[in-house]
Amino acid sequence: MYVAHLSLTDFRSYASAEVAMEPGVSAFLGLNGQGKTNLVEAVNYVATHGSHRVATDAPLVRQGAARAIVRAKVVRDVREALIELEINPGRANRARLNRAPVPRPREILGMVRTVLFAPEDLALVKGDPGERRRFLDELLTARAPRFAGVRADYDRVLKQRNALLKSAAQQRRPASAELLATLEVWDTHLAQVGAELLGARLELVSALSPLVAKAYAELAPSGGAGLEYRCSREGELSTDRGELVELLLTGLADARRQELARGTSLVGPHRDELLLKLGDFPARGYASHGESWSFALALRLAAYELLRSDGDDPILILDDVFAELDSGRRRRLAEMVSPAEQVLITAAVPEDVPGELSGASYNVAAGEVSRVGG
């Protein structure tokens, strides 16, 4: 799988851009603020329908424009597909596949797979639990696009349930029988959808753990990396969905009084944590800067290997990563990713790109992209 052509209209700093690409390594070179990251961000957006830099779509649209369009010609098993996403802040985004509209953009999720490394990845280790939950859920969706619907359903149920709890907390009197009955209905919805998400996360962590340990050992020979999933509801965790439904229902019942007082949902996958461990200690708070970087890279490399095992070689995106690494980690990372079908790199200067990743180069300056020597 690789992107053969990228076309942008009013995306970030680009009024328009046309970039032809090929398999292998492509390095986008230029000073900060020239638009390098915007290019690879667009490729990643085609795959994930989200940005690794901002939480909403509005910043992706060029100032003064009403919408942005990203088109990517993708080659997969010698077959070509043209994917187009129209980004409409404040309104529904639109998608086309081979110039034909699709009902919902998420229906084309999975047609392109990417694994992106960026300086922001340090938050996977040092940031709050939400960063790690998002990492798991995005990887779930990359492997099985139907989880975009599961996540959307869970978020919808959680929002409705929280609104009900907030209203009850503001009344400052005992909850009525009608409110409690309504809450029980939402408990059932949350437990059913939450069990599907929780079970999938547990299975994912089980598959990821040995891959993370292996990648970390190759990047940083000292110390061992491990993963541990911690559920908001204490108890023995099974991947059986029926058992997880009961676990969540029991947890919600036990937390009822506290939830009514605080006006928010305290049990469910939205409260869980993926604990990253170095030996017997949590990486957050104990890991050095270098160890934190190695752990973040190990998580991405493990995701890459897991996606490869599903049958597709994801597009690897290395956004300004090598400047953050010492020479040893830089060399080891380059050796580990060099076999990928397509690797997209951004760097300020050619010297930041390891020799193991030689390939096509593009100069990026003042919103213009030109291939070096071509």
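In what follows, the accompanying structure is described.

About the thresholds
- Residues numbered from 1 in each chain as written.
- Predicted model: local features only at pLDDT ≥ 70, side-chain atom pairs only at ≥ 80, totals over all residues.
- Heavy atoms only, no water.
- Pairing = 2+ DSSP bridges.
- Helix = DSSP H or I, 4+ residues; strand = E, 2+ residues; numbered from the N terminus.
- Contact = heavy atoms within 4.5 Å.
- Axes fitted to C-alpha atoms, helices over the stretch in contact; angles between N-to-C directions.
- Phe/Tyr/Trp six-rings, centres within 6.5 Å; stacked < 30°, edge-to-face > 60°.
- Parallel < 35°, antiparallel > 145°, perpendicular 65-115°, else oblique.
- Nonpolar A, V, L, I, M, F, W, Y, C, P; charged D, E, K, R; others polar.
- Salt bridge = Lys/Arg side-chain N within 4 Å of Asp/Glu carboxyl O.
- Buried < 20%, exposed > 50% of the residue type's maximum accessible area, 1.4 Å probe, protein only.

Across the sheet, 3 strands lie side by side as E9-E10-E11; this open sheet has antiparallel pairing. The two strands at the open ends of the sheet, each matched to only one other strand, are strand E9 (225-230) and strand E11 (281-282). Relative to E11, strand E10 (residues 273-278) runs antiparallel, the two being bridged by 2 bridges. Bridged to lysine 277 within E11 is proline 282. Packed on one face of the sheet, helix H3 (residues 129-143) meets E9 and E10 and runs near 100 degrees to E10. Packed onto the sheet, helix H5 (residues 177-219) meets E9 and E10 and runs at close to 170 degrees relative to E9.

Right, let's talk about the packing of aromatic side chains for a bit. Here the structure, examined in full by the defined rule, presents 3 aromatic pairs. Relative to tyrosine 286, the ring of phenylalanine 281 lies with its centre 5.0 Å away and its plane at 35 degrees, an arrangement referred to as tilted.

Another aspect to go through is the packing of H3 against H5. Direction vectors running N to C along H3 and H5 enclose 90 degrees, while the axes themselves pass 10 Å from each other. It follows from the interaxial angle that H3 and H5 lie roughly perpendicular. Note on element contacts: H5 touches H3 through Leu197, Ala200, Arg201, Leu204, Val205 and Leu208, opposite Arg133, Phe135, Leu136, Asp137, Leu139, Leu140 and Arg143. Classifying every residue of the contact of H3 with H5 gives 9 nonpolar, no polar and 4 charged.

So, on to the pattern of salt bridges. Throughout the structure, instances matching the rule amount to 25 salt bridges. Between aspartate 121 and arginine 300 there is a salt bridge, and its shortest N-O distance comes to 2.8 Å. In this pair, aspartate 121 is assigned in the loop between strand E8 (114-117) and helix H2 (122-126) and arginine 300 in helix H9 (residues 289-309), connecting sequence segments 179 residues apart. Assigned by exposure class, aspartate 121 and arginine 300 land together as buried.

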